[in-house]
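Architecture and fold: a report
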Amino acid sequence: PGVNLQAYYARLNVDLNDKYLLTVNYRRDGTSRFSELNRWGNFPGAALAWKVSNEDFLKNSKTISDLKLRLGWGITGQQDVTVYPSIPLYLNSDTGAQYQLGNTYYVTTRPQQYNPLLKWEQTETRNVGLDFGFFNNRFFGTVDVYEKLTSDLLAKIPNPAFFGFSNYDNYNVGSLKNQGIEVSAEIIPIKTDAITWSIGGNVTLQNSKITDLLPGAP
């Protein structure tokens, strides 16, 4: 069986004098993996940027060729679990497990594991960024500081003894926090019509912490 995914999406972009930039977006996603109670998720986002290098006090600078400050915020969703983990389904027995009554064999059924309370995993991201370029962008790069807060983590974990219809089931098991900084830079020591030589690299530092966990989750 397939999965039905539907989404509605809207975006607004505002640009004032190529200096002040605003982007606002909104998604509403629905999945057949969850019950009607939690089928739809709402995921907004926004970003704001200031092109400082286009201001009058830097427009004619011979040193700073690019300078932009950025702020971002948004929520994304994740629903990648088994096909129908929230809907009660039944499995028919094969020929070796049919029930005999006289000369007639009857097909038996058993319920499959399911969790009707399963819902979207959500990640909220906040970031502050800086884009820079010097000497006609012969040296340029970016710096980003971010925080990601993930709630209602989706995972398939063991069931307690004598609970449910299977040894494992899907649950929203907890929360996770990621904080970090990403730095990338590139320098072009040689640039001619015949050859361009660039040297670049990036560094990422991140701290991850589980802030909440359902008892029994791995």
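For the structure itself, consult the block above.
Being a predicted model, the structure only gives us computed values, none of them experimental.

Reading guide: rules and limits
Residues numbered from 1 in each chain as written. Predicted model: local features only at pLDDT ≥ 70, side-chain atom pairs only at ≥ 80, totals over all residues. Heavy atoms only, no water. Helix = DSSP H or I, 4+ residues; strand = E, 2+ residues; numbered from the N terminus. Rg over C-alpha atoms; globule rule 2.2 N^0.38 Å. Buried < 20%, exposed > 50% of the residue type's maximum accessible area, 1.4 Å probe, protein only. Areas by Shrake-Rupley, 256 points an atom, 1.4 Å probe, with all protein chains shown as cover. Lys, Arg positive; Asp, Glu negative; His and termini not counted. Charge placed at Lys NZ, Arg CZ, Asp CG, Glu CD. Core = buried A, V, L, I, M, F, W, Y, C linked by side-chain atoms within 4.5 Å. Contact = heavy atoms within 4.5 Å. Pairing = 2+ DSSP bridges. Axes fitted to C-alpha atoms, helices over the stretch in contact; angles between N-to-C directions.

In terms of regular secondary structure, the protein chain is built from zero helices and 14 strands. When the elements of the protein chain are put in sequence order from the N terminus, they spell out β-β-β-β-β-β-β-β-β-β-β-β-β-β. What you see for the protein chain is a C-alpha radius of gyration of 27 Å, clearly larger than the 17 Å of a compact globule of 218 residues, by over 25%. Here the C-alpha coordinates of the protein chain stretch approximately 95 × 40 × 35 Å along the principal axes. Buried positions account for 26% of the 218 residues belonging to the protein chain. Surface accessibility of the protein chain: about 14,500 Å² in total, with carbon and sulfur atoms responsible for 56%. Separation of charge centres in the protein chain, based on 20 positive and 20 negative side chains, amounts to 1 Å.

Attention now goes to unusual backbone geometry. Across the chain, the bulk of peptide bonds are trans and the bulk of non-glycine residues have phi less than zero. In this structure, Asn136 is a non-glycine residue whose phi angle is positive, near 60 degrees. With respect to the element layout, Asn136 can be found in the loop between strand 9 (121-134) and strand 10 (139-151). By relative accessible area, which is 67% here, Asn136 ends up exposed. At Asp152, a residue that is not glycine, the phi angle is positive and equals roughly 55 degrees. On the secondary structure map, Asp152 appears in the loop between strand 10 and strand 11 (154-158).

Here the focus is the nonpolar core. The nonpolar side chains of a soluble globular protein tend to be buried, and buried together. Counting residues in each nonpolar core, the largest one holds seven residues, listed as Phe34, Phe43, Ile75, Val81, Leu118, Trp120 and Leu154. Excluding anything up to four places from it in sequence, Phe43 contacts Asn25, Tyr26, Arg27, Asp29, Ile75, Thr76, Gly77, Trp120 and Gln122.

Here we come to the sheet that holds strand 13 (residues 174-191). Spatially, the eight strands line up as an open sheet ordered 1-2-3-4-9-10-13-14, and their pairing is antiparallel. Pairing within the sheet leaves two strands with one partner each, and these edge strands are strand 1 (5-16) and strand 14 (196-213). Direction aside, neighbouring strands of the sheet carry axes that sit 10 degrees apart on average. Of the strand pairs in this sheet, strand 9 and strand 10 are connected by 13 bridges, and their pairing is antiparallel. Note on strand 10: the bridge partner recorded for Asp131 is Thr142.

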